[in-house]
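Reading the structure
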Amino acid sequence: MKITFAIALIISIIVAQGCDNATQMSGELKTSRIADIAKPATIVIHTTHQASVTVPSVALNEQTLGQLLYEADYAVRSGQDPNTIYQAVINEMLSNLEKYVIPSQPYNTLQCSIDGVGSGFFVTPNGYIITNAHVVTDAEESLRYAIAENALQQLIEQDVKDFTSEMGGNVTQQQIELLKQSAVNFYVKYMQIGNVSTTVRAHLGAHVPGVATSTKPLEAEVIKSALGEPIPGKDVSILKIAGDNYPTLDLGDDKDLAVGDKIYPYGYPADATFFAAFDPSSITEPSLTAGLVSSKKDMAGGWQVIQTDAAIRGGNSGGPVFDEKGRVIGLSTFGLIDQQTGAAAQGANFVVPTTVVKEFLQRANVTPTESKTTQLWKEALALADRNAYKSAVEKLNMVNSLKPGLPVVQQKLEEFNKAILEGKDQSGPSIMTIALIVAGVLLLALVLFFVAKSKGGGKHAPPPNINQPPSMPSGTDNPQLPQ
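The written sequence of each chain sets the order in which its residues are numbered from 1. Totals for whole chains, interfaces and linings use every residue, but because this is a predicted model, local features are given only for residues with pLDDT of at least 70 and side-chain atom pairs only at 80 or more, for both listing and counting. Water and hydrogen atoms were dropped before computing side-chain values, which therefore reflect all heavy atoms in the structure.

This part is about the nonpolar core. The set of buried Ala, Val, Leu, Ile, Met, Phe, Trp, Tyr and Cys residues whose side-chain atoms join them within 4.5 Å is what this entry labels a nonpolar core. Exposure categories follow from relative accessible area, calculated using a 1.4 Å probe and restricted to protein chains: below 20% of the type maximum is buried, above 50% is exposed, and the middle band is partly exposed. Among the nonpolar cores identified, the biggest contains 34 residues, and Met93, Ile147, Leu152, Tyr187 and Met191 are the most heavily contacted of them. For the purposes of this entry, the term helix denotes a DSSP run of H or I that reaches at least four residues, the term strand denotes a run of E that reaches at least two, and both are numbered from the N terminus. Listing elements by their share of this core, those giving two or more residues are strand E1 (42–60), helix H3 (62–77), helix H4 (82–95), helix H5 (97–100), strand E2 (101–122), helix H7 (140–151), helix H8 (153–166) and helix H9 (173–190). Not counting residues up to four positions away in its chain, the partners in contact with Met191 are Val53, Thr54, Val55, Arg144, Ile147, Ala148 and Leu152. Membership of the second largest hydrophobic core comes to 31 residues, among which are Ala41, Val236, Val305 and Val366. Contact criterion: two residues are considered in contact whenever any of their non-hydrogen atoms come within 4.5 Å of each other.

Listed below in structure tokens is the structure:
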């Protein structure tokens, strides 16, 4: 019974520890903890498109412009308000620019580079990454607009300056913006693009304020067999970078979601999708937003997207979206545009569900696996929640040995070490250590008990009765007693 009790005590302690961990991992997480868990594994995806672009110069179509100005002059001489007529001329030209400008010599060939940023995250320790297809590829038409809007900005500014000069300089800022867009449309129509090449890089160790980024961007391979298409296609892409021990995120099941459930998009929002020059140190802190599942919408291809009112901005594309248990249930993908204002429609952002993501993982023959780095990271965070900062620092040092240089780990090390210096540490022996000590004490007690029993605690035969004659051996007849 004593042995049974000792074993039961040890098992109950270990089971209690396991149940405690299971509760932490399977139950709802604090929103701040979701962000902490996500941070090491969520990365910036930087895509660079390079191309040679041939564009014409711009000239005014003197015939059509002359006719327009003649009509305007006639209207003024007829007594109409000159300013009203002038504004009418500008609006006519902006609305029908191709009537009033034409391509001309010389044609110039430029080398253009367009940079785009999005988000992604690791699902295996050996470097498999999930993101959106539109983050790493661009349809020709959207690439043409990107080149016209960004790489040819200097040409467009000069064209707008010349046009404004021709109109006497009396134009509003709104009209100038319309002129710029008209110039973009002009170049999109007449430019020739060649020698397009695309490079995709993953930026680990995303920027943390006050902490230097010690990791360098790594070139990523786009797995062709697992490359989807931008919306309305299945907007998913699987990437691969070299290396191991990358922090990972767990995939959940979007089928468990119902309308009204909370979800949390996470990633690297940016004010613009494309950058003329890319500086990793300028990347902002990753952000977590919150919202509800508004509905599930059927797509033309026979699959569903999740609609949410959670804020999703440019740069979030490809980033993970979590449920309340901290599991990834989809990717931030696209939002609708208000057709009247041209602004993003409120409460109309969409998420590609993990059901679709898993299709692409199967195509790439990739099985999501939690890394040892992530296990240790989660353990460190759980210890810090109990103010066991010294124990948490030990876990973070293990993370550092597996994957050195992650800024978020350095940030937590500074935070936890500061707490230790301030006397806030409450580290003690772990539950497992206590269980082993109890087991050792009980085992020692049992050993001592059996040793004592074997030496002095057994039953002895009674001493012989000296008043009785000794018995004779069996089989002896007529025994003779000694004289």
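Past the structure itself, the notes keep going.
Next up on the list: the pattern of salt bridges. We define a salt bridge as a contact between a side-chain nitrogen of Lys or Arg and a carboxyl oxygen of Asp or Glu at a distance within 4 Å. If you walk through the whole model with that rule in mind, you get 15 salt bridges. The salt bridge involving Asp250 is made with Lys378; its shortest N-O contact spans 3.0 Å. Linking Asp250 in the loop between strand E7 (237–240) and strand E8 (262–267) with Lys378 in helix H11 (residues 372–385), this pair joins segments that are 128 residues apart in sequence. Look at Asp250 and you get partly exposed, because its relative accessible area is 30%. Residue Arg327 is joined to Asp323 by a salt bridge in which the shortest nitrogen-to-oxygen separation is 2.9 Å.

Of note, Gln175 is situated in helix H9. The buried category is assigned to Gln175, whose relative accessible area is 6%. Polar contacts involving the side chain of Gln175 include one to the main-chain amide nitrogen of Thr172, which spans 2.9 Å. Those residues in contact with Gln175, other than ones at most four positions away along the chain, are Gln87, Ile90, Asn91, Leu94 and Asn170. By the criterion applied in these results, polar contacts are pairs of N or O atoms within 3.5 Å in which, for protein atoms, one can donate a hydrogen and the other can accept it, and in which residues neighboring in sequence qualify only through two side-chain atoms.

For the protein chain, mean pLDDT is 81; residues scoring 70 or higher make up 76% of the total. Note on residues 13–26: pLDDT is under 50 here. Beyond four places in sequence and across chains, it has 13 contacts. Residue-level confidence of the predictor, termed pLDDT, takes values from 0 up to 100. Confidence over residues 271–278 falls short of pLDDT 50; this stretch has 22 contacts with residues more than four positions distant or in other chains.

What follows covers the packing of aromatic side chains. In this analysis, rings of Phe, Tyr and Trp, with Trp reduced to its six-membered ring, are considered paired at centre separations within 6.5 Å, and the interplanar angle assigns stacked below 30 degrees, edge-to-face beyond 60, and tilted for intermediate values. All told, the structure shown has four aromatic pairs when counted by the stated rule. An angle of 5° between the planes, with centres 4.6 Å apart, marks the rings of Phe122 and Tyr246 as stacked. Here the residue Phe122 occupies a position in strand E2, and Tyr246 occupies one in the loop between E7 and E8, the gap between them amounting to 124 residues. Residue Tyr246 is classed as buried on the basis of its relative accessible area, which comes to 1%. When the ring of Phe186 is compared with that of Tyr187, the centres are 5.5 Å apart and the planes differ by 80°; the resulting orientation is edge-to-face. For Phe186, a relative accessible area of 4% puts it in the buried group. With relative accessibility at 2%, the residue Tyr187 sits in the buried group.

Attention now goes to H4. Along an α-helix, residues three or four positions apart point the same way, because every turn accommodates 3.6 residues. Every helix has an expected span of 1.5 Å times one less than the residues it contains. The end-to-end C-alpha distance of H4, which contains 14 residues, comes to 20 Å, matching closely the 20 Å that a straight helix rising 1.5 Å per residue would cover. Of all the positions in H4, only Ile85, Tyr86, Val89, Ile90, Met93 and Leu94 are classed as buried. Looking at the packing, one finds that the buried side of H4 touches H3, H5, H8 and H9.

Mapped onto the secondary structure, Tyr107 falls in strand E2. In sequence terms Tyr107 and Ser57 are 50 residues apart; their C-alpha atoms lie 6.2 Å from each other. Apart from residues lying up to four places away in sequence, Tyr107 is in contact with Thr54, Val55 and Pro56.

Cis geometry is found at the peptide bond from Gln105 to Pro106, where omega equals -5°. Examined against the element boundaries, Pro106 turns out to sit in strand E2. Put simply, Ile231 and Pro232 share a cis peptide bond, and its omega is 15°. The topology assignment puts Pro232 in the loop between strand E6 (221–227) and E7. Of note, Asn245 is a non-glycine position whose phi angle comes to about 60°, a positive value. Within the chain, Asn365 stands out as a residue other than glycine whose phi angle is a positive 55°. Take Asn365: it is sitting in the loop between helix H10 (354–363) and H11. By relative accessible area, Asn365 is classed as exposed at 71%.

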